[in-house]
Amino acid sequence: MITSHAPYQQIIDTMFAEISDLQQVCKELEARKEDIRKLRKSFNRNNPEADYSQKHVCDAYMLLYYPFYIETVYRLLNTISTAESTVLEDLFGGKSKLTVSFLGTGPSPELLGTVGYLSKHHPKVVSLDAFLVDLNTASWQEYRTKFTIPMSEKYGDIAINRQDITCDLLACEQCLASQCAEFLGASDLVIMQNCITDLVTARNNAGNVAGFSFLDLFLKLRPGTLFLVIDLDYSGTREAINEAVAAVQSSEAGSLLCQSQHYEEYSPRIDRPECLKSLFDGSDGLIMRTSTRYHYAVLKRT
C-alpha cells in the first residue's frame, strides 16, 4: 500500500495556480459543485456518460475521482507478487527500462501507482516508456502534463518517456493493424483500468455492432507480457471481466494468473486539504468518498 500521499493538494495548487487567496480558492471549488454533482450522477448509471471534451467535466473528474484511482494498480501488483511470487521478478527483474501501455487511461492516475510500486519493489527500473491511450487524449493531455507527470516524482525516481495516443477501443478493427499493434507488441505490461465494463456495455447496447474485442487486443501482445484488467464495482463488472478471461482461455493464447472472486476494497491514506470542505460539504449528497472497490483479473500471454 501507499502509506500516505497528497494528490489533492497538488491538484488544487495546480488548478488554481493563479489564485493566492485561500478564501478565493474555496469559492472556486464551491462553484464546481454542480459539475461534480452531474458527473457523480452519470457514474451512478450502469453506462456512465461523461463528455470529456469539456474542460469543466475533466476538472470535476480530477477533484472527484482521480486521487482514489492511483493506488489500485499498486495493490494489484502486490497481489500478483503474493499469488505468483516469481512472475513479476521474471518480468521486471534486472531491467532498467520497462514499456507499459495504459488503455482507456484518461488523465492516467494509475501511472502514479505503477511508478510507486516499481520504485519500492523493483528499484533497478529507472526508466519507463509509457503509452497513454484514450479516446479523449486531446482533452486529457493538459492534465497529464500539469498533474500526472509532475506528481510522478513524488511516487518514485523513474524517468517517464510518455507517448499520448488517441484510440477508440470500440473500433479496434480500424486501428489494430497499425498503431495499436506497435505499442501493444512492445509492452512488458498492459493495464486496462476502469474502462472494460463501459466498453462491453457500449458494445452490447449497440447490438454488438461496435468492434470492441478484448481478445483482439490480447493477441497483439508478445509472449510473457502481463495484461492487468481492473474495474470498479459496477453492475456488470464481474461479467465483463469474466468474458475477457473466457475469451483468452478458450483461445489458448494465454493463462489466467489470478482473479478476484469478490470485490476488493481499500481506504487510501490521502491527505485532504481544509479547503475541500467547501466542496464536499454534505449538501445534496456531496460527501468525499473514503474507499475504492474494484475487481481484477491478471492474464499472461503465452
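Above this text is the structure in question.
To keep things clear, this report deals only with the structure shown in the data block. Note that this is a predicted model, so its numbers are computed, not measured.

Analysis parameters
Residues numbered from 1 in each chain as written. Predicted model: local features only at pLDDT ≥ 70, side-chain atom pairs only at ≥ 80, totals over all residues. Heavy atoms only, no water. Helix = DSSP H or I, 4+ residues; strand = E, 2+ residues; numbered from the N terminus. Rg over C-alpha atoms; globule rule 2.2 N^0.38 Å. Contact = heavy atoms within 4.5 Å. Salt bridge = Lys/Arg side-chain N within 4 Å of Asp/Glu carboxyl O. Buried < 20%, exposed > 50% of the residue type's maximum accessible area, 1.4 Å probe, protein only. Core = buried A, V, L, I, M, F, W, Y, C linked by side-chain atoms within 4.5 Å. 1 Å grid on protein atoms, 1.4 Å probe; cavity = no way out; pocket = protein on both sides within 12 Å on 5 of 7 lines; lining within 4 Å. Points joined across faces, edges and corners; volume = space filled by probe spheres on them. Nonpolar A, V, L, I, M, F, W, Y, C, P; charged D, E, K, R; others polar.

A count of helical and extended segments in the chain gives twelve helices and eight strands. Here the C-alpha atoms of the chain give a radius of gyration of 19 Å, agreeing with the 19 Å that 2.2 N^0.38 yields for 302 residues. Once the C-alpha set of the chain is aligned to its principal axes, its extents read approximately 60 × 45 × 35 Å. The long-range fraction of contacts in the chain, counting pairs at least 24 apart against all pairs at least 6 apart in sequence, stands at 83%.

Our focus in this paragraph is the pattern of salt bridges. Opposite charge on two side chains lets them pair, provided their charged atoms get close. Evaluation of the coordinates by the stated rule reveals twelve salt bridges. The shortest N-O distance in the salt bridge between R75 and E71 comes to 2.9 Å. Residues K95 and D188 are paired through a salt bridge, measuring 3.1 Å at the closest nitrogen-oxygen approach. On the criterion of sequence distance, the pair formed by K95 in the loop between helix 6 (87-92) and strand 1 (97-103) and D188 in the loop between helix 9 (176-186) and strand 4 (189-193) is long-range, its members being 93 residues apart. Here D188 falls in the buried class, since its relative accessible area comes to 7%. Salt bridges sharing common partners tie together E28, R32, K55 and D59.

Moving on to unusual backbone geometry. At S108, a position not held by glycine, the phi torsion is positive, near 70°. With respect to the element layout, S108 can be found in the loop between strand 1 and helix 7 (109-121). Judged by relative accessible area, which is 0%, S108 ranks as buried. Positioned with a positive phi, N194 is a non-glycine residue whose angle comes to about 60°. Mapped onto the elements, N194 comes out in the loop between strand 4 and helix 10 (196-205). Of the residues examined, N194 reaches a relative accessible area of 18% and is grouped as buried.

Judged by nonpolar contacts, the single largest core of 71 residues is most densely connected at L39, Y61, I80 and L228. When residues in this core are grouped by element, the largest group, seven residues, is from helix 4 (residues 55-64). In this structure, Y61 is in contact with L39, F43, Y52, Y66, Y69, P107 and W140, ignoring residues within four places of it in sequence.

In terms of burial, strand 5 (residues 226-232) is a largely internal element, seven of the seven residues being buried. Where burial is concerned, the two faces of strand 5 agree: the one with L226, L228, I230 and L232 and the one with F227, V229 and D231 are both buried.

We now examine the layout of surface pockets. To find leftover empty space, a probe the size of one water molecule is rolled over the atoms. When its volume is computed, the largest pocket comes out at roughly 720 Å³. Elements that contribute at least two residues to the lining of the largest pocket include exactly helix 7, strand 2 (127-134) and helix 10. Broken down by element, the lining of the largest pocket gets its largest block of residues, three residues, from helix 10. Among the residues making up the lining of the largest pocket, the classes are represented as 19 nonpolar, seven polar and four charged.

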